[in-house]
Each structure stands twice: as C-alpha cells, then as structure tokens.
Amino acid sequence: MTPPALQINGLTRRIDGVPVVDAIDLEVQSGAVTCLLGPSGCGKSTTLRLIAGVDRPDAGRVRLGGRTVSDGRTFLPPEARGVGLMFQDFALFPHLSTARNVGFGLTARDPARIVDLLDRVGLARHADRYPHELSGGEQQRVALARALAPSPRVLLMDEPFSGLDNRLRDGIRDATLALLKEEGTAVLLVTHEPDEAMRMADEIALMRSGRIVQRAAPYNIYNQPTDLEAAAFFSDVNVLPGTVRGALTDTPFGRFLAPGLPDGTEVDIVFRPQHVRIDFDRQGAGPRPTPSDGTPARARVIRSRFLGKESLVEFRTDIDARAVTATVPAVFLPKPGTALWLSIRRDRCFVFRRRGRAAHVT
C-alpha cells in the first residue's frame, strides 16, 4: 500500500510553555488538496513551518512519502525534505527574470521544464520580464511555477491568494487547482477563509487553539459541523437556546428532539439564515399558516438590506423577542415593524450541548 505523501502524528510546538500546535495528526494523499482552516493565531502557519523544517517541533513525527524527516531522533533541514513552499508575499527574487525565478529551485537548469511550466501558467511570453513588471496575479503564477519546478511530492501553501484582488482571486484559484491536479502533487494549503477552503479542498482540517477539531470533505464539514463554533466559522448562524426536558427542548418554532441528553442540559438550536422560510403571502396579523416544515413563529422586521445577490432581513420573534436573521435570494425589503410568519428547515438544524464558548452569530 502506497504511504501518504504527508503524514504527521502528535505534532506539537510550545512557545513559553504554551502549546501553539497541540498534538495534531494529519495525512495528505498524493494528488489531494487538504486545507488547514482556522482563525488567525490558531497555529496553522506554525504547523506548515514544522512540516517544512523551518521550525523544530517539541514532539511528534513528520513523514514524507513514508520517510521520517522529523521525530525525536531525526530532523532533516528544509532543503533535504523535498517539499515545495509558497507564501502569501510570493518571495520572488527582484533581480531575476520570470524564467530564472522559476528555474531557481532546480538543481540543474532544465529549460524544457521551465518553458513547460511557464506555458501552463500562461506566462510563456513574459519569460524575460522581472517581478516589478508583472501584476499581482502574474507574480502569484510565477511563484506557483517556481514551487512546482522541482516536482515536489508535497507543496505547502501559506495564504497564497490573500494579496490578490477579489475579482481575480477565483479565477487564479481555479487555474492553480487545475495545475496542481495535473502535477499530482499533495497540497497542504493554509487559509483563514472558509470560501477558499470550500472551493479548493478535497478535505478540510478545521483548526482551533492549536488543535484540529474536525476533518471532513467540504460538504460534510459544512453540513455536519462538530459544534457551534464550527458551524459559525463557515457562515452566520441563528442560535436558539433551550433546556432539555424529556429529550425535547422548546423554541419559538416548536419542540426539537435532543436525544441522549439528560433533563436540564442546556442546548443551542443552530440554523443558518438561508434555511429560514418566510411566508411572503401572509401577513403576521393573520392566522398561523399550516406548517410545511416545523412550527411557524410570528416575527417582526427589525431591518432589511439588499446585498446584491440576496436580501438580509432581521427579525425579532413575538414569543420571546429572539433575534432571527433570514436571507432571501431576491430583492425583499419589508418595512421595519412588518409582521410575518417564519419557519425553519428542521433537516438543516443542529442541536449542540452548550459549552459557554463565544461564536459569531447573527
């Protein structure tokens, strides 16, 4: 059985006795893209430096293609590990042309490899230009070609798209992903942007306070988050607090099942704004509509805003003055104070035991 291109076990790094990377395990297969996702300061970039050999771990093991490059007895320097590195500032040599930048990492000059990579990143006619003559997107592609030139088994990318204009970013991400798949390189990409991770990754490793709290494919990590913080990291969420009584908890939208939790357990019912349904044809002063999904609750508009692709409407429920936010994929700008009936998709709700952690909620 072919070993993973990258395998780390129990990787730990402490600074002043505080673990900034705390016993993490991770595998990346050849040809796969794994995104190490999390907020600033959670240990993502430190993990990359430990894998590259730029920093030395306090414990744990790093294996590349089945070969141990770092453990309690072995520590190979970066140049002996055969990994590619790509950073957010691109780190191009200003005194070298595009072609010479790409060829810098090759142990022997290989004009055919340089020409091939420049052609594949669309920069063949810029081979003689210098970095200051290139746009930000072009510099990013030069940095990618340089990182791939030695055909590394593993490519480590640290926020490589963060300095690009938003309108260019998606196209460059897609072109980069296509080239990485062609090369069959195992990629570990560090990012703090959920959208980027969802767009790029075969698997996302969500990191928090130095630990990986969840690993899954993008669809699964979005639709089956491990806790409230994980759900809230990928999008705004609505949170309805409740207390379990007889495996049920009461909310303005009716009772929710909380199986396996003892009476008295405090829980949060979590759902995203796009999963709030608004009864557009029935004003809230009328009778409660027949529920199509869960129990409708009457709520009054606080404010509404059009965001271009959708409208964001903030409500407050009549029952307990709970704030609820909904998104509508159209222009929908009801006046403040308008009463409407709301329901939520039960199949898109999460029930989490409350842990007292802060999260970004609507």
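Residues numbered from 1 in each chain as written. Predicted model: local features only at pLDDT ≥ 70, side-chain atom pairs only at ≥ 80, totals over all residues. Heavy atoms only, no water.

J.: I keep staring at the overall build of the protein chain and nothing clicks. Help me out?
T.: Of the regular secondary structure elements, the protein chain holds eight helices and 20 strands. Its C-alpha atoms put the protein chain at 80 × 50 × 40 Å along the principal axes. When the 362 residues of the protein chain are sorted by exposure, 48% land in the buried category. Looking at the protein chain alone, contacts between residues at least 24 apart form 66% of all its contacts between residues at least 6 apart. Surface summary for the protein chain: the accessible area is close to 17400 Å², and the carbon and sulfur share equals 49%. Here the protein chain holds 48 positive side-chain charges and 42 negative ones, and the gap between their average locations is 3 Å. (Helix = DSSP H or I, 4+ residues; strand = E, 2+ residues; numbered from the N terminus. Buried < 20%, exposed > 50% of the residue type's maximum accessible area, 1.4 Å probe, protein only. Contact = heavy atoms within 4.5 Å. Areas by Shrake-Rupley, 256 points an atom, 1.4 Å probe, with all protein chains shown as cover. Lys, Arg positive; Asp, Glu negative; His and termini not counted. Charge placed at Lys NZ, Arg CZ, Asp CG, Glu CD.)

J.: Mind showing me how you'd approach the packing of aromatic side chains here?
T.: For any pair of aromatic rings, the description consists of the separation of the ring centres together with the inter-plane angle of the planes. Per the counting criterion, the structure on display carries five aromatic pairs. Seen in terms of ring centroids, F233 and F234 are 6.2 Å apart; in terms of plane orientation they differ by 80°. Their pairing is edge-to-face. Residue classification places F234 among the buried positions, given a relative accessible area of 9%. Between F350 and F352, the ring centres sit 5.9 Å apart and the planes meet at 25°, which makes this aromatic pair stacked. This pair shows no difference in class: F350 is buried, exactly as F352 is. In this structure an aromatic cluster arises from ring pairing among Y222, F233 and F234. The ring of F75 is capped by R81, whose NZ or CZ atom sits 4.9 Å from the centre of that ring. Seen from the ring of F256, R346 lies directly overhead, with NZ or CZ sitting 3.9 Å from the centre. (Phe/Tyr/Trp six-rings, centres within 6.5 Å; stacked < 30°, edge-to-face > 60°. Lys NZ or Arg CZ within 6 Å of the ring centre and 35° of its normal.)

J.: Is there a simple way to think about the sheet that holds strand 7 (residues 154-158) in this case?
T.: Hydrogen bonds between backbone groups are what pair the strands of a sheet, and the pairing can be parallel or antiparallel. The six strands lie next to each other as 6-7-8-3-9-10, forming an open sheet whose pairing is mixed. Edge strands, defined here as strands with exactly one partner in the open sheet, are strand 6 (83-87) and strand 10 (211-216). Recorded for the sheet is a direction-independent mean angle of 20° between the axes of neighbouring strands. Note that strand 3 (residues 33-37) and strand 8 (residues 186-191) share five bridges and pair parallel. Across the sheet, the residue bridging to V33 is V187, located in strand 8. Along the sheet, helix 5 (residues 166-183) contacts strand 3, strand 7 and strand 8; its crossing angle with strand 7, the most-contacted strand, is approximately 165°. (Pairing = 2+ DSSP bridges. Axes fitted to C-alpha atoms, helices over the stretch in contact; angles between N-to-C directions.)

J.: How should the sheet that holds strand 14 (residues 266-271) be read in this particular structure?
T.: Within the open sheet, the three strands sit side by side as 11-14-20. Their pairing is antiparallel. Two strands bound the open sheet, and with one partner strand each, they are strand 11 (238-243) and strand 20 (350-353). Strand-to-strand twist across the sheet, computed as the mean angle between neighbouring axes with direction ignored, equals 30°. Direction of pairing for strand 14 relative to strand 20: antiparallel, over a ladder of four bridges. Paired with V270 across the two strands is F350, which belongs to strand 20.

J.: I keep staring at the pairing of strand 4 (residues 59-64) and nothing clicks. Help me out?
T.: Side-chain positions along a regular strand alternate between the two faces of the sheet. In this sheet, strand 4 lies alongside strand 1 (residues 6-15) in antiparallel orientation, the contact comprising five bridges. In the strand pairing of strand 4, L6 is matched with L64. Across three bridges, strand 4 lies against strand 5 (residues 67-70) in antiparallel orientation. Looking at strand 5, one finds that L64 is bridged to R67. Hairpin connection of strand 4 to strand 5: two residues between the antiparallel strands, including G65 at a positive phi of 60°.

Read these as spatial facts, not as claims about activity.
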